[in-house]
Protein chains: 2
Amino acid sequence: MSDPPGLSVLLGFQFAKCGSWLEQRLADGLAPHGLKVRHFLVLAMLGEAATLSQQQMATYLSLDPTLMVALIDDLERQRLVERTRDPADRRRYAIRITAKGRQSLAKARTVADAVGDEVFAPLDRAERRQLADMLGRVMAAYWDGRQSGSIGTARP
Amino acid sequence: MSDPPGLSVLLGFQFAKCGSWLEQRLADGLAPHGLKVRHFLVLAMLGEAATLSQQQMATYLSLDPTLMVALIDDLERQRLVERTRDPADRRRYAIRITAKGRQSLAKARTVADAVGDEVFAPLDRAERRQLADMLGRVMAAYWDGRQSGSIGTARP
DNA sequence: TATTGTTATACTCTATAACTATA
DNA sequence: TATAGTTATAGAGTATAACAATA
């Protein structure tokens, strides 16, 4: 199970390196829109789930729940997101994306696609799909290992 | 060039997620050996380059040079690494891995391989090689974009 | 004048503990 | 009693600026 010695080391290092490259380029691209990567991820989640609580989003992003407060504050201040109390459980908020939020999300997606095209330029379309497939399987195992259910209809 | 909409977003997110998973598991595995991931990466570089300066390593790891000071201090204190002045340029140190350092490196590699086997369990050997190949091409483009030459004989 | 390594300091990011309001 | 959200505070990690030695 061990191929050339050091494959895992190299693979892991390149993984981290490529990941931080992606994140940095995305951060650069989103900055002019007044968004950080996390804001974008929150919007992306809310773009597919109608309504989510802060805890749900914190869990999925592996973020401390206290960090969600300022994060949602930011988005609410920009009117990209709304806080309404969940009638079923008045302790939680039912966070919802606004129409303006969807517009920002669309722009941010364009940025993200451009960054992806730049970083993954050496790979053709078939390879990118294959990469996404492999990563999907790896991360499915991760989520299963956490025994955590999906959010909404699917894992964003 | 844009496949299913949002592919880049998902790909990027899973990339970051998988990368931090790898890093966390590696950190857990190395902790009992008194090493952090960065110590390991430094040892891995020195395991293939005979001698490197602090600046060279900082550049390759995309780390602030000031952070290398304490990092090398740690490794030197454990006698895993030696600082000797570079005779060719007495401003720099020629950092060299020790015999004890090679032993630690070997153990750390075992840990890293185990972590890799765990995280990439859903992928068979051919897929892992393919993943490594694709990542290698992507990161080669990254380094070329930086116009930075290789360190020693190869990019670790 | 520029570069390597060093130190001290300031800054950013994150987690912890304590609180409220609901359940 | 436990959970969602909030606040203030402490801690870790990182970068910045100024310095000494060498080029």
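Asks: Explain the protein's contact with DNA strand C to me, please; I cannot follow it from the model alone.
Replies: The full set close to DNA strand C counts 17 residues, and Arg38(A), Arg90(A), Arg91(A), Gln54(B) and Gln55(B) are the nearest of them. Taking all atoms of DNA strand C within 4 Å of the protein, the share assigned to sugar and phosphate is 73%. Thr66(A) is positioned with one of its side-chain polar atoms (N or O) 3.4 Å from a base oxygen of DNA strand C. Within the backbone of Arg90(A), an N or O atom sits 3.0 Å from a phosphate oxygen of DNA strand C. Mapped by element, the contributors of at least two residues to the surface near DNA strand C are helix H4 (65-77) of chain A together with helix H3 (54-60) and helix H4 (65-77) of chain B.

Asks: In this structure, what is going on with helix H2 (residues 37-49) of chain A? I would like to understand it.
Replies: In an α-helix, one turn spans 3.6 residues, which is why side chains three or four residues apart end up on the same side. A rise of 1.5 Å per residue sets the reference length of H2(A), with its 13 residues, at 18 Å; its end C-alpha atoms lie 19 Å apart and thus fit the reference within 8%. Note on H2(A): the residue one or two positions beyond its end, Ala50(A), has a positive phi of about 65 degrees.

Asks: Would you mind showing me how to read the relation of the copies chain B and chain A here?
Replies: Two chain copies here: they are related by a rotation about an axis and a translation along the same axis. Relative to chain A, chain B is turned by 180 degrees and slid 0.0 Å along the rotation axis, the superposed coordinates differing by an RMSD of 0.0 Å. The operation mapping one copy onto its partner corresponds to a two-fold rotation axis. Most of the interface of chain B is mirrored in chain A, where 100% of its interface residues again form contacts.

Asks: Can you walk me through the interface of chain B and chain A in this structure?
Replies: Think of interface size as the accessible area that goes away when the parts come together; that is how it is often given. Every contact between the two is made by 48 residues of chain B and, on the other side, 48 residues of chain A. With both sides pooled, the region where chain B packs onto chain A buries about 5000 Å², and carbon together with sulfur makes up 72% of that total. Taken together, chain B and chain A are joined by 2 salt bridges. Between Glu127(A) and Arg137(B) there is a salt bridge, and its shortest N-O distance comes to 2.6 Å. Applying the counting criterion to the chain B and chain A interface returns 9 residue pairs in polar contact (both at pLDDT 80 or more). When residues of the side of chain B that touches chain A are traced back to their parent elements, those giving at least two are helix H1 (7-30), helix H2 (37-49), helix H5 (99-119) and helix H6 (125-145) of chain B. Residue contributions to the side of chain B that touches chain A peak at 16 residues, all from H6(B). By residue class, the composition of the side of chain B that touches chain A is 29 nonpolar, 9 polar and 10 charged.

Procedures and definitions
- Residues numbered from 1 in each chain as written.
- Chains lettered and ligands numbered in written order.
- Predicted model: local features only at pLDDT ≥ 70, side-chain atom pairs only at ≥ 80, totals over all residues.
- Heavy atoms only, no water.
- Near = heavy atom within 4 Å.
- Polar contact = N/O pair within 3.5 Å; in protein donor to acceptor, adjacent residues only side chain to side chain.
- Helix = DSSP H or I, 4+ residues; strand = E, 2+ residues; numbered from the N terminus.
- Expected span 1.5 Å × (residues − 1).
- Least-squares fit on C-alpha atoms with pLDDT ≥ 70 in both.
- Contact = heavy atoms within 4.5 Å.
- Buried area = accessible area lost by both parts, 1.4 Å probe.
- Salt bridge = Lys/Arg side-chain N within 4 Å of Asp/Glu carboxyl O.
- Nonpolar A, V, L, I, M, F, W, Y, C, P; charged D, E, K, R; others polar.

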